[in-house]
Structures are given as structure tokens and as C-alpha cells.
Amino acid sequence: MATSMEVDGDISNLSIEEVSYIANDTSEASLVPGKFSSLSVKDVYESEEGKGKDDKKDLRKIARKYQLDLCERAMKENIIVVLETGCGKTHIAVLLINKMASLIRKPQKDICVFLAHTVALAQQQAKVIQDSTDFEVGLYCGNNKHLKNRQVWEKEMETCEVFVMTPQILLHSLIHCLIRIEQIALLIFDECHYAQFDSNHPYAEIMKVFYKSDAVKLPRVFGMTASPKLGKDTSIDTLELLLHSKVVTVDNREELNEFVVSPEVKVHYYDGFQNDTIYRQKLDEIRLKCVSSLKMKEYNQNSVNNTKKALLRLQNNLIFCLQSLGVHGAYRACSLLMEGDQSVRSRLIEEKEEDNDDSLCNKYLAQAASLFGRENVEGPNAADSSIEGVLEEPFFSRKLLILVGILSNFRIQTGMKCIIFVNRIVTARSLTCILRRLSILSSWRCDFLVGVHSGSGNSSRKNMYAILEKFRSGELNLLVATKVGEEGLDIQTCCLVVRFDLPETMCSFIQSRGRARMSHSEYAILVDRGNTKEMNLVDNFMKQENEMNWEIASRTSPVATFVDFDEKAYTVASTGATLSCGSSVSLLYRYCAKLPRDEYFIPQLKLFYFDDTNGIVCSITFPSNAPIHQVVGSPQVSREESKKDACLKACKELHKLGALTDYLLPEQDDENDELDDFLGSESSNDPMFRRELHEMIVPALLKESWSLSDKSVSLNSYYIKFNPSPADREYKRFGLFLKSPLPKEAERMKLTLCLSHGRSVATEFSPFGLTEFDQKEILQAQHFQKILLKAVLDRSELIPDFISIENDEFSNISTFYLLLPVAVCKYEESMTVDWSLVRRSLSSPMFQTPTDVMNFSLNDNDLHLVNGSYSRDIVVNSLVFAPIKKIFFLVAGVVLNKDAHSLYKGSTTHVQHYKKRFGIDLSYPCQPLLKAKQLFHVDNLLRKGGCLATREKEEHFVELPPEICQLKIIGFSKDIASSMSLLPSIMHRLENLLVAIELKKRLSSSFPEGAEVSAARVLEALTTEKCAEHFSLERLEILGDAFLKFAVGRHLFLSHPLIDEGQLTRKRSNIVKNSNLFKLATMKKLQVYIRDEPFDPIQFFALGRPCTVTCDKDTEFMLHSVKPSPGTNLNVEVKCNKGHHWLYKKTIADVIESLVGAFIVDSGFKAAIAFLKWVGIQMDFEPSQVSKICQSSTVFTTLIDRANLSSIESSMGYQFHYQGLLVQAFIHPSYNNPLGGCYQRLEFLGDAVLDYLITSYLFSVYPKLTPGQLTDLRSFYVNNVAFARVSIARSFQKFILCDCPSLIESMNNYIDFVRTSSMEKCSADGPSCPKALGDLVESCIGAILLDTGFDLNCVWKILLNLMEPVTSCTKVQFNQLREFVELCQFHHWDLQFSEVKKNGKFIVEAKVLEGENILETASAINISKKGGQRVVSEQLYFKLKAKGYTCKSQSLEEILKSSDKMEPRLIGNDEAPMDVTSSDEFPIDNLKLEEVSKIIKSGHKEQQPSPSAALHNKSATSILYEICSANTWKPPSFECINESGPGHQKEFIFQVIVEIDECSQIVQAFGEPRSTKKEASCHAAEGAVWCIRNLGY
């Protein structure tokens, strides 16, 4: 069985040069089917005749001799097998895996790892191994979240034996210690020539960093390649040294020649394109005009630079296509580049997608297309002629004409196939378009084959495999391929291979040539005869190949002595995670990609290089919201090495500060991410995954039994008092008797039961001490309770004439208590069991044997019944059964003045009615009729709104002839039945209350504060809305959720003073998310206390009515597997003797939050925190942590001059002790603060406290709102738009410190919109609300909270004043998306969303369908899909509302108007504020500001060092190069213009020229005479830097 999983390879923020070596591994998230059905199998057995490929093969039987020999050698030592394409290298690897099976077969712990450097090749090789062996094969490639932690990898290690993966994934796993090198028994490198010593390829990193002699054990290494030399600067010795292996090949070439066919190599010469100069100049003019127009627009510098880079890259690609293909090819390239959006275009030219002006790029391409189109056959001015009519320069390049000639002249033969290799994707796409349109090449059916994400729909792996399949089947016979077609992929052997663009390396030459393996095949190379380098290239490749083959064949020396490479690395001792210099670069960019961002701020690293006396130094400046601001590396020999050194140092610092975990990973979601996907709602397609079977605890007190063998039993007695309202019914007095006394909080339990028509019965328990029962009485009491329960719940069992109540074994009984009729004295001073009634009922005929039934003689007052004659005293107040009606009746009396001859209805008598309706003749028609009431069914009287059944207010009686009735239970009167209708609901509530008391007792014994919450509140926190009672946990959950967010956020903020807001948010999410709460709750067994089912009287089990379903571990799943799906009546769920029920995991998680809410309401924060600590959530902090953060904020006071603090403080009504906190609260991340830092951490803290304070406000002001209404109202108050209005009302936007003009513009536009429109106006009609406006409110509240020492009472008062613009709003709306969905559901409309991502934004469209008709449509563009859906929902909602469509339910506004509004109250705050005004000094080191060397003391601000103080050795030349690079200008041009003086006293004068594209300006600077050229050029550079900076760059 094959498994397919993937690991994260997110490198979206890396530069191209930093990810080029792993581009193929991470270019697409690829989820591969377990059976690999859509993949092609590499034909390693292509020379075997008559062999089937469907079944597992005997690998040794089909192996060639040299394959077996090389396999045997691999068993003895590490080797690198060098064989040409098609010689079956993979088969040798499979043989070796089988040979080493004893080491990797389960239950062995070791594994085999097969590395393939591209995703497509990994998929293919996994398929080969899967089809050739019976090993468990796992495939790991692409990008997937689920392989980020050790637990998941350990599960994979337990199941899989052969791991086929891309090398970046193995490197990632080794670095972060997800897999250890000691766990690998066999390590196979496919295309191992990429393991070059000086490269950053993962192959090299794996061997240099992890294949060390000090490892406990090392894997056997097996390498495969067609060329051990990648290029001219590589050597076989270094490959052997790096892989600790020996290069070997086949000794007998004759055997190999039987299987390998060498193609004929032909070189075709052409003359280079002659007319590119004029086009290059014109393209330059177009580009510079576009660059100049950038000055006319408001852009941030990042966007300007990215746009200039994008224009330059587009121009370079167009010129390349012009030179390779001609004018027509360049025009084609323009057309292709204009077809897609920015992301598609970026992939097409193989560049990273960046934020730039896409419209300007389109404008440039359109003008370029117009330029090429003037002379092009398909241009706007072209004549209507065939493309063949212009097969000449400049329309077609001579190079392209040579290719056309090769293809048109090639002999047509059966099964002919050809591959044309090019070096760029845009060339492949353009060339394919041209070849398809040439009728002279009609015998060639063409398509292109490029890497994944290459800029078209054809780029997906699925389509790539489809193209290969078409090529294999013959549907296509010509592929234009990039280097993706050179190696690895299973591409059918060809008769013609053309190198349209020359191979870049000898390895590429050998591999592309290997594609021509058919007999009499041809390998054609196109060479520019005017290019000396190209003229010599082919000869050099062939010469190098011959030298390489001779070197391999002549190698006789053994493998070199084991050498440990001195690779600089950082290892975490606790985990073993190891990071090298090379890997640190990508890790640092991955970390930066995790920092918080929005459309106005994209966190980016800035790398600067400067010359030091000992080498080149790299300085890294971090984004303002990172925990460190700057890291300066040590001097190195090159820029690349200095960058690696600085990145490794930065990663060390980040780990020490807690920004990287001990596995050297950025903070990420916990292992159970996938669980939260199923905890969110109860409407998932897979409810099974989200629900679990749990036992529901029965109170221990109710389970305490008594022994029937005892002579007497003492039971605690409680009188159950009934007070009906109105008092229109009589209820028999009942008592509760049980072994142990009820706890204090239950012994006087009060409960109001709601009946129909507004009637209710108030019930109350009164303790009456102990009651003695002798042996006979206890048995009679049990039998009496049994018959009562049968009568009201199982009446069908009373239909037989005789039933036995003796000799019952009370098995499967979960509760032991008695409910008996009692007599209470007038003043309720004493209570006794009504034994006469008990014994009278037990004497009923149906409980006697037939022989024991007495034969009564008929007296005048006796009544004839179906089962005998009885006196009127016996029949009245008894239960009878009418067999002909199949109904039980309660006899209330005898109607003396009526008999069966009396009228029944209308003019019909009873005699006539029963004759006509039932066909019976009444034998005793003169008997008086019985006044009876039908026995009702017991209902759930705890339900909100009362029972479901409807009853008339006055009792309804019927008149029955006695002879149709059968006497059942004597003495079972209607007042007993009325009482029995209440008792199951009462006992259900008592049971639940006792469960809550048990939990409270458990909490009290664990922490003292556990006793501070009432049992009633605990019960509320354990009862879900599904129970449909008058209370539920949801309101408490809302309060608890808000407090949990605040308390955990506060703890994390103080405990991690250096990590960014994004990591704080992720850490908090990992703690408060449902999956973690679920885990914590189940660890404490809280799920057994949860009440999650509405009371169902049918499933009321007590002494005398045991549960009939017995459950154990072997049968529980089978018994409970037949359960309702969501939305059906849950009452049909099977109830077993253990009380098993299905609980949603989210429900279990919610109970922690509701219990937190219970502690807050009844006690306060301290008790809630104690409970959370008991659960396992730590939230302790020290006052010194608060003081330290407040003190450290003084570094921001250097910016006080830029902020009007007095105006801000006046606006908020609070004066700060630490004004640095206030300044920090207004620093946007885009602000170029030389000290770093921004408001995001304060925003995190403020968001948490605002959420709780506003929840507390709503909880106290609207105590009668339902949980759903409370949630909706909170969403109105706690959102960015509401906070933005507060910000606008206080003019916070005037004080923000930011360097993003577009943000300022957006804020001003939104403010103008708000001030000129009403609050109820659809926000979709105006500009979107910049998040920064709301952030300012949150950061200010966070700053005040810190400055007051967490004085919530002070913050509460300020908040009430700040939120006045929102709280005073007369119009309140739901979340429009939700309200819109509800509107659609109400009218049964079909709502459809569709999204397309273009230029980094989502175009969201929505339509409302009424049947087949489109009712309304809307569209919006937003940076997030969710945001776009919200905007179009608002648009559609208001459009439909304007048409008169509404829901029947009340709006939130109407509900609030009719709701009682109470005074706002801060709930639960019992914490004393901390004193943070102490004069104690706290060091500021390591708080983002390493360069701040002195603390600001006693209000004296010492001069801060320059932000570039660490860069004092940077030369002017380096600075000038950086300026040119940052602004995307050409590099500066240095020239020595004067050289004077004798040899020993020479002096040099340099000039430097810098071309500024934007204004077509040239800066020319001259230096003074200096004794060395370096000093002279540096002096000239100083002048240029001064001039450029004065120009504003």
C-alpha cells in the first residue's frame, strides 16, 4: 500500500537565487493518489522482451548481468553508479532495496529513503518501486501542512518502509529533527550529480551537515547519474568526497552496448539575428517612458522598485525571443505575456511574483506588441496572408528557419517522435505557437512541456502527465521542452532531438542526447557561427565527456578516508535540530513570511553588504515587527558566504528569543490542526469524525443501594411539595426516599415545571429526616414504584389480564431511590408513607394469580366490568383499560343519573353507538356510567415553552359504560397520575444537579477557589442548548471565551516580551483553540458531566424500570452505531445501561469556556484563573514583567517630537506615566523607525482586553438576550469597522506614524466617506476600511492597560467613553454575510459564490438563484476571499432588501428596542492593579534595540547612536552599488580619467557615472587624486552618493 503525503516548502518570500535549487520541489502542492494511477512508470525494463508489467517481477531474473554486479558491489560499499540514460539505473536501486530488506522491513525501525530532485521524478520513482516490490511506499513531495511535526512523521515511520521524497523535504526533516540520519538504513540519490560541494543544493547540504562520523550509525549511500560532472568546474573527486562513495560503471562496455543506442550528432550553423539593435533601442524608449510615469503616481518605494524590475525582466525576455525567434516570435511572446495576470506572467518569465504596477506592465507589453506588430503578419497593420509567406528575416530568425528546415526535411516514418530543447519557458510557449501554425510541418503534432507553474493552464502536473501520455501514444509527436524534459521523466525515446538552445552544462548535453535512443536517431545542435563560445561549446562538451569516461574507467583507488566537512552549523541541544549556514537563508525568509502583513505593509528582510578590512560583511535589517531589528555578520570572503553567516547568526538570535521553536521552526499551529476543521460546526459532511461516544456519569449518591436481606432499612426522606398555578388540579403528595442524604445545595431544590396554556407547577424539596422500612415494606415500596412507572411510561405492559411483579432481579439499575405517596400533617411537621394506598394498589386483580382472584357476589352498588364485578369504591379512583378503544382511563367517579340508554352524542345512545361502532351489545345497559379521564403521556416539562402537547385549560372527562372497561390498578387516581407526570422531570433535574455538585466537589478538592461557584451555575455550564431547557452554557461560554482570550493573551504578552504579534496570536490560538480545549477537557474527564440531550421520559430509568440495553466494550460501538444523522430527532438515539451518548468534540471544548464563565460570574478572575490552571492552561505572570515592558518603552520617547501627545491624552481622557507606550501605540509597521518596533504587540494585547470588556458590557446590559443574539451584538461592537469609527471620532489618524502614502490616502478616503454617510449605509458602497484605523484603538487600549498596571476598572471607564460612537448608534445590523445567508435560506434561494485570484487579489462574484432564474448578482475585489464574500454579501443583501425581501424573524434592532437595558458592569474583576511607576531601572537590552547601548534614566534622554553605527566600515562604493540596486538602475560606471606622478608616487583620479532611469538624468561625479585606484574610486563614489541623496533617492 502506498501512502502519499507532503511537507511544507513555503518559500514564497525568497528571492529567485535563493530558491532556484529547490524550485522543482516546492513549485506545486502535489497530492498523489495512493495507487499512482495517473502517473507514467519509467520503463526500466524496456529491453526485456515478452515480459508482463502488471505483476510483481522476480527482479533478479529480469536483471541484466551488469545490474546484478553493481548491486552486489553496492552491498559492500557506498557507490555512485554512472550509466547512460536507458541503462536501468533505477532497477539497480530496486534490487538493492530488496537486498537490504532485512533492515527496513517492519517491525524494524529503520527506513530506506529514495531521493529524487523533482516532484515529477519522485512520483515516477515511487510508482516504479510500488509496482516492482511489496514494500510499503510513502511519497512525500510538494507543500502540505500535515508533515510539520514529529508526531505525524513518527506515524509515517511506523507504517512505511521506503520513503520516496524530494531532497528539500529530507533536508527539512533532518534540520528540524523530524527524521534522524541514524534512522535511515539506505539513502539513494537519483541524479546525484547535483551534489556539488560549493552549491546550496539539498543533496550537498544533507551530506555536509548530517553525514558525520560521530553519528551512531550511518546509512548505506547509493548514487545514480548519467554524468558525475555537472559542469566544467566540477570534479569526480569532490562528488566522491561529498557522497562518501566511489564512482563506478560497467567494466564490460560491450554488454552495455547491447542495450544503448548512440544517436548521430549533427551540428547546424546559423547566422545570428542582425536587426535587434533598432528594436532594443525602441524597447528601451518604451520602458523608460513607463518608468518616468511612475513619478506621476503615489507609490511606496517598494512598489516602484518592483515595477522597474518587472519592466526590465519583461524587456530582457522579449529581446531574447527576438534574437531566438525573430519579430514574429517576439510578438508571440508579447501576446502570451498579456494573456494572463501578474502571477501567470511572473511564472512565464520565471521570476518571483512581487507587488508592482500590473497596469503599467500591460501598457509596456501593449506598446511592445504594437512595435513588433507593425511588420508582423499578425499585427494590427498586417495584410491577410499566410504565415508561410514570410519565412524570412526579420519575421523569422535564421535560427528558427534552420529548425523549420530540419523538421520539414526529416524523413517521415512510423512512430517518429521529436523533442526540441529550449532554455526558457517563454521561448517554449512562443515556439510552440509558431510551429503549430506552419502547414509545412503538418506531420508534426506539437505541444510544449515545461515545469509546473509555468504560466498557463498547461502547467499543472496533471496536464503535464496528460501531454506525456499523448506523446507516448502518438497523439503528439513533437514536444518543445525546457530542462524538465532532460532527465528523470518517463519520456518515450525519440528519433530526433534538437537543441534549439545550447545545453548549459556537459551534464545537460549528455542527458538531452540520451533522449534520442531509437535506432538511427539524430541529435541536432543549433550553433551561432558568429559566436566563438558557441562554436567551441559542442567540441568542448564531447571532449569533456571523453575525459570523464576515461577518468571513471581508470579509477582504481578505494574510497577516500571519511572526511567530516567543517560546515558551520547551529544545534539545539535539547532536540538535536541542526541548522547550517546554507539552510539558514531559506529559514530566515520563511520566518519573515510568517510575520503579520497586510496590503499596506509587507515584511521584508533588507540585506546590506560592506567591505571590512577582513572581508565582506552582511548586515540584515529586519521588518519593524520582528523581535530583533538588526544583525551584523562577521567578515567573509564573498557576498554569498557573508549572507549565510549573517542569516545563521540571525536564526540563532531568533531561537534564543523564542521566535523559533526548539526544532528551529517558526511558531506554527499545533499538531491537531485538522481537528479544528471538524470542531467548527455540526454540519460537516463527516459528523462521525467530529463526534465521540462518551459515558454520562450517574451521581454516586443515587447509585447507593440497600439490601433486601436487612430486617430494616433507614432511608433519608424528602417531601416534594407541589404548588400549581393556577390551582386547578389536584396533585397527590409524594416523597423521595434514598439511602444517603442530599447535599445542602440539593436538599431544598426548587423547580418550576411549565405545563400547557401558561400553567405551571412550582416544586420544592423539604427534608424530613430518616424513615424506617421493614423488609416487607421495602419490597412493597419497590413493587409499587414499578407499577406506577409501568402505568405512566410502559402502559402497554399492563394490557394482559395478569402480570407478575414478584421475584424481580433488579439488574441494570443505575439509580436507587423510591417515589412514594405520602401523608403530611397540616403544618408539615411530619411525613409518613401512605401504606394503605400502596397495599391497595398492589392488591389489584391483575397482580394476583387467577386462582387468587376473589369471586364477588353482585350487590346493588357493584359494577360489572370486563374482568369481574367490583364495588363502586374499588372502581372509582382506579386505572381501567377499555380493550375496544385500546385506551387507559382514570376513573374519577360514577354518573348516577346516566346509563347506557342515555344519549351519547346527538340523538344516539351509548347502546346504539357501541353497537354501530364496535359491533357489541351491552349486557348491562342500566349500569350508571363512569366519569373518566384518559391517561395522558408523560412529557418533558423542563423544555423551554412547556410541554409539546396541547391541553385545554379545564380537565376533559368522558362517560363510559363500566362493562367495556377492565380494572387494572386499584387506587391509581387522577391526582396520582398528575403527580407522576411531574416526577420524571423533577428527578431528571435532581440527577443533573447532583452531577454538577459532584463536579464542584471535585474542583473544590483540587483548588480552594473551586468552592466559590454555585452548583446551579456549574449545572448551567454543563447543560447544552440541545437540552432545550430554560438555561444553557452558551451565555457563560461567550463570557468564558472572551476571558480565556484575554487571560492567555496577557500571559503570553508578558512571558514572551520579544516575539511578534503573529507568533503571539498563533501561540494563543494553539492554547484556546477547540482541539486543545477538547484535549484538556478529556484529560480531566469533564465530558462525563456534560448534559447534552433533552429529557426523554421514555428513557427515564429508575428502580423498578431498568434499562434493557446492556452495553460493554465489545458491543458498545455496534449498539450505538445506528444513530441519527444531524438534523434528525435525537430522541431515537439508543440509550444503554451505561448512559453512553454521542458528544460533539466542540461541545466538550465549549464546556471549559462555560465553566470559566461560571467562575467569573459567581466569583471572579482569580477563581477562573485557578480553574484554568487546574485544567492545564498556565497564565501566571510577575508584576516585574509588566514593569520591565513599561520601562523599556522609554526608547520610543525619542519620537515624542513627532507626536502630539497632549492632544492624544486629552482625546482619550488619560495621562500616561510612560509616554513611550503612547508613542509606540501609534507607530505603524511601515514606519522607518531606526530603532524598529511598532504597535502590533500592543494591538494584540488591546484586542484581547477589548473583547472581554465589550463582552462584559453586553452580558450585563442585556441579561435576557439569547446567546445567538448576544454573539451577533458582540460582532457589531467588536470589529475593525466599529473600532475605526472610534478612531475617527477621536482623530487618531492624525497622529499615526507611517511611511506608506497609500495607507494615508486610504484612511482619508474612508474618513471622508464615513463623515458624509450614515452608519447604516452599506459599507460596500464606499471604500474599504483600512485595518490600521481599528488597530489604533486596540493598541491605545493595550498601552493604557500596561500603563495602569492592568487596572481594568480604569480601562473600563475609559472604554465606556471611547466606545460612545458605537454604543449610542441607533441602527444595529447583523453580520451581513450571515444575515444574507439566512435571507436566502428563508426564501429557499440558491446562493453561489465564485472566486478568481488575479494580481494578488480575489475577484469574488455571487449570484442568487430562484430556481433557474438569476434574481440578483454582485461582484467585488478584495485582498482576501473572505473579505470579498463579505462585501458582495452586503451588496446583495441591500439590493434584495430594497426589493422588499425580508425574513419573518425580528431584526436585532427591534429586539434591542424591546429588551430591558441594565447598567453596564465589569463582571468578575477582582484583581488589584500593579504599581508600575517604581523608579527601579530595568535593562532594555535584547528588546528589538540591540544598538541602544544606554538606558534612558530619570527622564534624561541620552543621544541614541546612529542606526548605521554598526556599518561604520561600509565603503561609499558599496553604498552606491546598493542605491543603484535598490532603485533598479544600471550599476555605476567607474573610470580612471587621470593617472599622474612617478611610479612610486602615482595618483589616480576617478569619475563615476550613474544613469537615473526615472528622469533620464545622468549623475557624474569626480574624485580627488588618491594614491590607490580603490581610494580614488571610493572618493568619486562619495560625491555620487551625496548628489543622489540630495536628489531625494
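Residues numbered from 1 in each chain as written. Predicted model: local features only at pLDDT ≥ 70, side-chain atom pairs only at ≥ 80, totals over all residues. Heavy atoms only, no water.

Participant: Sorry if this is basic, but what is going on with the overall build of the protein chain here?
Facilitator: On a plain count of helices and strands, the protein chain comes out with 55 helices and 42 strands. Considering the protein chain as a whole, with its 1593 residues, one finds that 57% of them fall into the buried category. Considering only residue pairs separated by 6 or more positions, the protein chain has 75% of its internal contacts joining residues 24 or more positions apart. (Helix = DSSP H or I, 4+ residues; strand = E, 2+ residues; numbered from the N terminus. Buried < 20%, exposed > 50% of the residue type's maximum accessible area, 1.4 Å probe, protein only. Contact = heavy atoms within 4.5 Å.)

Participant: Where do I start with the packing of aromatic side chains in this structure?
Facilitator: Given two aromatic rings, their pairing is described by the distance between the two centres and the angle made by the two planes. For the structure on display, the rule yields 33 aromatic pairs. With a centroid separation of 5.7 Å and an interplanar angle of 65°, the aromatic rings of Phe509 and Tyr523 are classed as edge-to-face. Separated by 14 residues along the polypeptide, Phe509 in helix H21 (residues 506–513) and Tyr523 in strand E14 (residues 522–528) bring together distant segments of the chain. Take Tyr523: its relative accessible area is 0%, and that puts it in the buried class. The interplanar angle of 75° and the centroid separation of 6.3 Å between the aromatic rings of Tyr719 and Phe768 together place this pair among those described as edge-to-face. Separated by 49 residues along the polypeptide, Tyr719 in strand E21 (residues 712–725) and Phe768 in strand E24 (residues 760–774) bring together distant segments of the chain. In this structure, Tyr719 and Phe768 share a single accessibility class: buried. Lying over the aromatic face of Phe320, Arg424 brings its terminal NZ or CZ to 4.0 Å of the ring centre. (Phe/Tyr/Trp six-rings, centres within 6.5 Å; stacked < 30°, edge-to-face > 60°. Lys NZ or Arg CZ within 6 Å of the ring centre and 35° of its normal.)

Participant: Which parts of the structure should I look at to understand the environment of Phe1165?
Facilitator: Along the polypeptide, Phe1165 turns up in helix H40 (residues 1165–1175). For Phe1165, a relative accessible area of 0% corresponds to the buried category. Separated by 122 residues in sequence, Phe1165 and Phe1043 have C-alpha atoms that sit 8.5 Å apart. Not counting the four nearest positions on each side in its chain, Phe1165 is found in contact with Phe1043, Ile1160, Tyr1252, Leu1352, Ile1467, Gly1468, Asn1469, Asp1470 and Glu1471.

Participant: I tried to follow the sheet that holds strand E18 (residues 615–621) on my own but got confused; where do I start?
Facilitator: Strand pairing in a sheet relies on backbone hydrogen bonds. The paired strands run either parallel or antiparallel. If you trace the three strands from one edge of the open sheet to the other, you get E17-E18-E19, paired in antiparallel fashion. Taken across any chain shown, the strands that pair with only one partner, and hence form the sheet edges, are strand E17 (606–612) and strand E19 (630–632). Within the sheet, the average angular offset between the axes of one strand and its neighbour, ignoring direction, is 20°. Relative to E18, E17 runs antiparallel, the two being bridged by seven bridges. By the bridge assignment for E18, Lys606 is matched with Thr621. Helix H24 (residues 639–656) rests against E17, E18 and E19 of the sheet, and its axis sits at about 45° to E18. (Pairing = 2+ DSSP bridges. Axes fitted to C-alpha atoms, helices over the stretch in contact; angles between N-to-C directions.)

Participant: Just checking my understanding: could you explain the side chain of Arg1050 for this structure?
Facilitator: Within the secondary structure, Arg1050 is located in helix H35 (residues 1034–1055). Filtering out sequence-adjacent residues up to four positions away, Arg1050 remains in contact with Ile1169, Phe1181, Leu1245, Phe1350 and Glu1471.

Participant: Sorry if this is basic, but what is going on with the pairing of strand E6 (residues 184–190) here?
Facilitator: Put simply, side chains in a regular strand alternate between the two faces of the sheet. The element E6 is extensively covered by neighbouring structure, given that seven of its seven residues are classed as buried. Looking at chain direction, strand E3 (residues 111–115) and E6 are connected through five bridges and run parallel. Paired with Val113 across the strands is Leu187, a residue of E6. Where E6 and strand E7 (residues 220–225) come together, five bridges link them in parallel fashion. Its bridge partner being in E7, Leu186 is matched across the sheet by Arg220. Between the parallel pair E6 and E7, the chain is carried across by helix H10 (residues 202–210), and the sense of this crossover is right-handed. (Right-handed = clockwise from strand over helix to strand, strands pointing away.)

Participant: What's the story with the pattern of salt bridges in this structure? I'm lost.
Facilitator: The final tally for this structure, using the stated rule, is 51 salt bridges. Among the salt bridges present, the one from Glu551 reaches Lys229, with a minimum N-O distance of 3.7 Å. Remark: Lys229 occurs in the loop between E7 and helix H11 (236–243) and Glu551 occurs in helix H22 (residues 532–553); sequence separation between them is 322 residues. Lys790 serves as the salt-bridge partner of Glu797, at 2.2 Å between the closest nitrogen and oxygen. (Salt bridge = Lys/Arg side-chain N within 4 Å of Asp/Glu carboxyl O.)

Participant: When you look at helix H46 (residues 1280–1289) in this model, what are you seeing that I'm missing?
Facilitator: Residues that lie three or four places apart on an α-helix share one face, since the helix turns once every 3.6 residues. For H46, the buried fraction is high: seven of the 10 residues fall into the buried class. Within H46 the residues assigned to the buried category are Ala1282, Phe1283, Ala1284, Arg1285, Val1286, Ser1287 and Ile1288. The N-capping residue of H46, defined by a side-chain oxygen 2.9 Å from the backbone nitrogen of Val1281, is Asn1279. Backbone geometry just after H46 places Ser1291 at a positive phi near 60°. (Polar contact = N/O pair within 3.5 Å; in protein donor to acceptor, adjacent residues only side chain to side chain.)

Participant: Looking at this model, I keep getting lost on the sheet that holds strand E30 (residues 887–895). Mind explaining?
Facilitator: Overall, antiparallel pairing links the five strands, which are arranged E34-E33-E30-E29-E35 in an open sheet. Each edge of the sheet is formed by a strand with only one pairing partner; in this case those strands are strand E34 (958–960) and strand E35 (966–969). Between one strand axis and the next, the sheet turns by 50° as a mean value, whatever way the strands run. Relative to strand E33 (residues 929–934), E30 is paired through six bridges, and the arrangement is antiparallel. The partner of Val891 across the bridge, within E33, is Ala932.

Participant: What should I look at first to understand unusual backbone geometry in this one?
Facilitator: In most cases, non-glycine residues show a negative phi, while peptide bonds are predominantly trans. Across the junction of Lys106 and Pro107, the peptide omega takes the value 15°, indicating a cis bond. With respect to the secondary-structure elements, Pro107 resides in the loop between helix H6 (101–104) and E3. At the junction of Ser725 and Pro726, the peptide bond is cis and its omega measures out at -5° in the coordinates. Relative to the elements of secondary structure, Pro726 occurs in the loop between E21 and strand E22 (734–738). Despite not being glycine, Ser1291 has its phi angle at roughly 60°, a positive value. Inspection of the secondary structure puts Ser1291 in the loop between H46 and helix H47 (1301–1315).

Participant: In this structure, what is going on with the nonpolar core? I would like to understand it.
Facilitator: Side chains of a nonpolar character, in soluble globular proteins, are inclined to be buried together. In terms of nonpolar packing, the biggest core is built from 321 residues, with Leu736, Phe972, Phe1043, Phe1171, Tyr1252 and Leu1346 touching the most fellow members. No other element matches the 15 residues that helix H33 (residues 974–1006) contributes to this core. In this structure, Cys334, Ile349, Cys495 and Phe500 belong to the second largest nonpolar core, which totals 67 residues. (Core = buried A, V, L, I, M, F, W, Y, C linked by side-chain atoms within 4.5 Å.)

Participant: Quick question: what am I supposed to make of a nonpolar patch on the surface here?
Facilitator: The grouping of Val267, Tyr269 and Met535 at the surface amounts to a nonpolar patch, some 220 Å² of accessible area in total. Its place among the elements puts Tyr269 in strand E9 (residues 264–270). Residue Tyr269 is classed as partly exposed on the basis of its relative accessible area of 36%. (Patch = residues over 30% accessible without salt bridge, like charges linked within 9 Å, V, L, I, M, F, W, Y side chains within 5 Å. Areas by Shrake-Rupley, 256 points an atom, 1.4 Å probe, with all protein chains shown as cover.)

Participant: Can you walk me through the packing of helix H48 (residues 1331–1347) against helix H49 (residues 1352–1362) in this structure?
Facilitator: Each pair of packed helices gets described by two things: the angle between the helix axes and the distance between those axes. Two elements in contact, H48 and H49, have axes whose closest approach is 9 Å; the angle formed by their N-to-C orientations is 150°. Between H48 and H49, the angle is such that the two are roughly antiparallel. Judged by the sense of rotation from one axis to the other, the crossing of H48 with H49 is right-handed. Residue-level inspection shows Ile1341, Ile1344 and Leu1345 of H48 in contact with H49, the latter providing Leu1352, Val1355, Ile1358 and Leu1362. In terms of residue class, the contact of H48 with H49 is built from seven nonpolar, no polar and no charged. (Parallel < 35°, antiparallel > 145°, perpendicular 65-115°, else oblique. Left-handed = near helix turned anticlockwise from the far one by under 90°. Nonpolar A, V, L, I, M, F, W, Y, C, P; charged D, E, K, R; others polar.)

Participant: For this particular structure, what's the right way to read the environment of Gly405?
Facilitator: Summarising the element assignment, Gly405 is placed in helix H18 (residues 398–409). Taking the relative accessible area as the measure of exposure, Gly405 reaches 22% and is therefore partly exposed. For the pair Gly405 and Ile440, spaced 35 residues apart in sequence, the C-alpha to C-alpha distance is 9.7 Å.

Participant: How should helix H15 (residues 327–339) be read in this particular structure?
Facilitator: In this model, H15 (13 residues) spans 19 Å end to end at C-alpha, consistent with the 18 Å of a helix rising 1.5 Å per residue. Within H15, 11 of the 13 residues are buried, which leaves the element mostly enclosed by the surrounding structure. All of the buried residues along H15 are Val327, His328, Gly329, Ala330, Tyr331, Arg332, Ala333, Cys334, Ser335, Leu336 and Leu337. (Expected span 1.5 Å × (residues − 1).)

Participant: Got a minute to help me understand the packing of helix H23 (residues 581–593) against H24 in this structure?
Facilitator: For the pair H23 and H24, interaxial distance at closest approach is 8 Å and the crossing angle is 60°. Overall, the two elements H23 and H24 adopt an arrangement that is oblique. Seen along the crossing, H23 lies across H24 with a hand that is left-handed. Between H23, through Cys581, Gly582, Ser584, Val585, Leu587, Leu588 and Tyr591, and H24, the contact on the second element is made entirely by Lys643, Lys644, Cys647, Leu648, Ala650, Cys651 and Leu654. A per-class count over the contact of H23 with H24 returns 10 nonpolar, two polar and two charged.

Participant: How should I be thinking about the confidence of the model for the protein chain in this particular structure?
Facilitator: Taken residue by residue, the protein chain gives an average pLDDT of 82. The fraction at 70 or more is 85%. Here residues 671–688 is a poorly scored stretch, pLDDT under 50, and it has 33 contacts once near neighbours within four places are set aside; other chains count. (pLDDT = per-residue confidence, 0-100.)

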